[in-house]
Amino acid sequence: MAEKERVTLIVFSGELDKALVAFNIAIGAASSGMEVSMFFTFWGLNIIKRNEGSIHSKGIMRRMLNMMNRGGSKRTHLSKFHMMGLGTWMMKRLMKDVNSPQLEELMAMAKEMGVKFIACTTTMGIMGIGKDAFIPEVNSFAGVATYLAEAREGKINLFI
Amino acid sequence: MKADATLDCIGLYCPLPIAHTAKKLKELEVGQVLEILADDEGIKEDMPAWCKTTGNELLGIEEDAGGYRVYVRKSRFDGRADLRE
């Protein structure tokens, strides 16, 4: 059997709409028999932070940052028309109307299909958050070399 | 067209019809035919593209008032090993 094609996605953005697209592509690729890795960096880390509990960090600036930038898939909002939550709520309703899966369902589906989640340790260091800030589905914590090693073998690399 | 199994994807949008097809086809034997019912127009382009990528054979797409009937023959599913089980 031919070697599997590899797809790498850099998820830089932390907004709901962009996350939906990223997971949509990941699921499509996994369904097409491809090996998929998603690298979450910067605001993208918010998507894979756990929704429950508080996130600990040291120092006043980092504590403030993590309070304002709490993250978690359930706290993501639209990059446009968020409108203090109304727009995001409406979009979720519209998606439900047409049986389109919510972000959490897409994440679970991707995971079930073997999509790898990788969190960027540099951003974690800058923002002062540890591994315990993330959902257990994260496969590994790594940096740019890991991304490049996978991306150079892949035909499809996207920055979202 | 005669099919060995039918998958109902009515009311579902991308990427669900493709994802469900990939999953359902794993349950079939090589040579068997899966019928997919769908009403999202994207299926007309997506299923041929998916078949091209995965190596499965697209036998045809029938269109009627209710939507589309897509027929795929399992030929050589090139999916992930852990998904094929």
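Draft legend 1. The overall build of chain A, seen in detail. Within chain A one finds six helices and five strands. Counted from the first residue to the last, chain A has its helices and strands arranged as β-α-β-α-α-α-β-α-β-α-β. Its C-alpha atoms put chain A at 55 × 40 × 25 Å along the principal axes. Counting all 160 residues of chain A, 48% fall into the buried class. A separation threshold of at least 6 residues defines the contact pool for chain A, and within that pool the share at least 24 residues apart is 71%. Accessible surface for chain A amounts to roughly 8,500 Å². Of this, 62% is attributable to carbon and sulfur atoms. When the 20 basic and 14 acidic side-chain charges of chain A are each reduced to a single mean position, those positions are 8 Å apart.

Draft legend 2. Quick look at the overall build of chain B. The helix and strand tally for chain B stands at three helices and four strands. Taking all 85 residues of chain B together, the buried fraction comes to 46%. Long-range contacts, defined as pairs at least 24 residues apart, comprise 62% of the intrachain contacts of chain B with a sequence gap of at least 6.

Draft legend 3. The arrangement of the packing of aromatic side chains in detail. All names here are of chain A. Evaluation of the coordinates by the stated rule reveals eight aromatic pairs over all chains. Members of the aromatic cluster, connected to one another through ring pairs, are Phe-12, Phe-42, Trp-43 and Phe-159. Positioned above the aromatic ring of Phe-117 is the side chain of Lys-111, whose terminal nitrogen or guanidinium carbon lies 4.5 Å from the ring centre.

Draft legend 4. Region of interest: the sheet that holds strand β4 (residues 67–73) of chain B. Residue and element names in this part refer to chain B. Within the open sheet, the four strands sit side by side as β1-β2-β4-β3. Their pairing is mixed. Each of the sheet's edge strands pairs with one partner strand only, and the pair in question is β1 (5–9) and β3 (57–64). On average, each strand axis in the sheet is tilted by 20° relative to the strand beside it, whichever way the strands run. Pairing between β1 and strand β2 (residues 33–38): five bridges, direction parallel. Note that in β2 the partner of Cys-9 across the bridge is Ala-38. Along the sheet, helix α1 (residues 16–27) contacts β1, β2 and β4; its crossing angle with β1, the most-contacted strand, is approximately 160°.

Draft legend 5. Structural context of the confidence of the model for chain B. Looking at chain B, the pLDDT average stands at 89 and 89% of residues meet or exceed 70. Within the model, the stretch residues 80–85 of chain B combines pLDDT values under 50 with 15 contacts to residues more than four positions away or in other chains.

Draft legend 6. A look at the pattern of salt bridges. For the coordinates displayed, the defined rule picks out eleven salt bridges over all chains. The residue A:Lys18 makes a salt bridge to A:Glu15 at a minimum N-O spacing of 3.8 Å. With a shortest N-O distance of 3.3 Å, B:Lys23 and A:Glu112 are connected by a salt bridge. Linking B:Lys23 in helix α1 with A:Glu112 in helix α4 (residues 103–112), this pair reaches from one chain into another. Among the ionic contacts, a cluster of salt bridges with common partners joins A:Arg6, A:Lys116, A:Glu150 and A:Glu153.

Draft legend 7. Highlighting the nonpolar core. Residue and element names in this part refer to chain A. One finds Phe-23, Met-38, Phe-40, Ile-48 and Phe-117 to be the most contacted residues of the largest nonpolar core, which totals 59 residues. The greatest single-element share of this core, amounting to nine residues, is contributed by helix α1 (residues 16–31). Beyond its immediate chain neighbours, meaning those up to four positions away, Ile-48 contacts Phe-40, Met-107, Phe-117, Ala-119, Phe-134, Ile-135 and Val-138.

Cut-offs and rules
Residues numbered from 1 in each chain as written. Chains lettered and ligands numbered in written order. Predicted model: local features only at pLDDT ≥ 70, side-chain atom pairs only at ≥ 80, totals over all residues. Heavy atoms only, no water. Helix = DSSP H or I, 4+ residues; strand = E, 2+ residues; numbered from the N terminus. Buried < 20%, exposed > 50% of the residue type's maximum accessible area, 1.4 Å probe, protein only. Contact = heavy atoms within 4.5 Å. Areas by Shrake-Rupley, 256 points an atom, 1.4 Å probe, with all protein chains shown as cover. Lys, Arg positive; Asp, Glu negative; His and termini not counted. Charge placed at Lys NZ, Arg CZ, Asp CG, Glu CD. Phe/Tyr/Trp six-rings, centres within 6.5 Å; stacked < 30°, edge-to-face > 60°. Lys NZ or Arg CZ within 6 Å of the ring centre and 35° of its normal. Pairing = 2+ DSSP bridges. Axes fitted to C-alpha atoms, helices over the stretch in contact; angles between N-to-C directions. pLDDT = per-residue confidence, 0-100. Salt bridge = Lys/Arg side-chain N within 4 Å of Asp/Glu carboxyl O. Core = buried A, V, L, I, M, F, W, Y, C linked by side-chain atoms within 4.5 Å.

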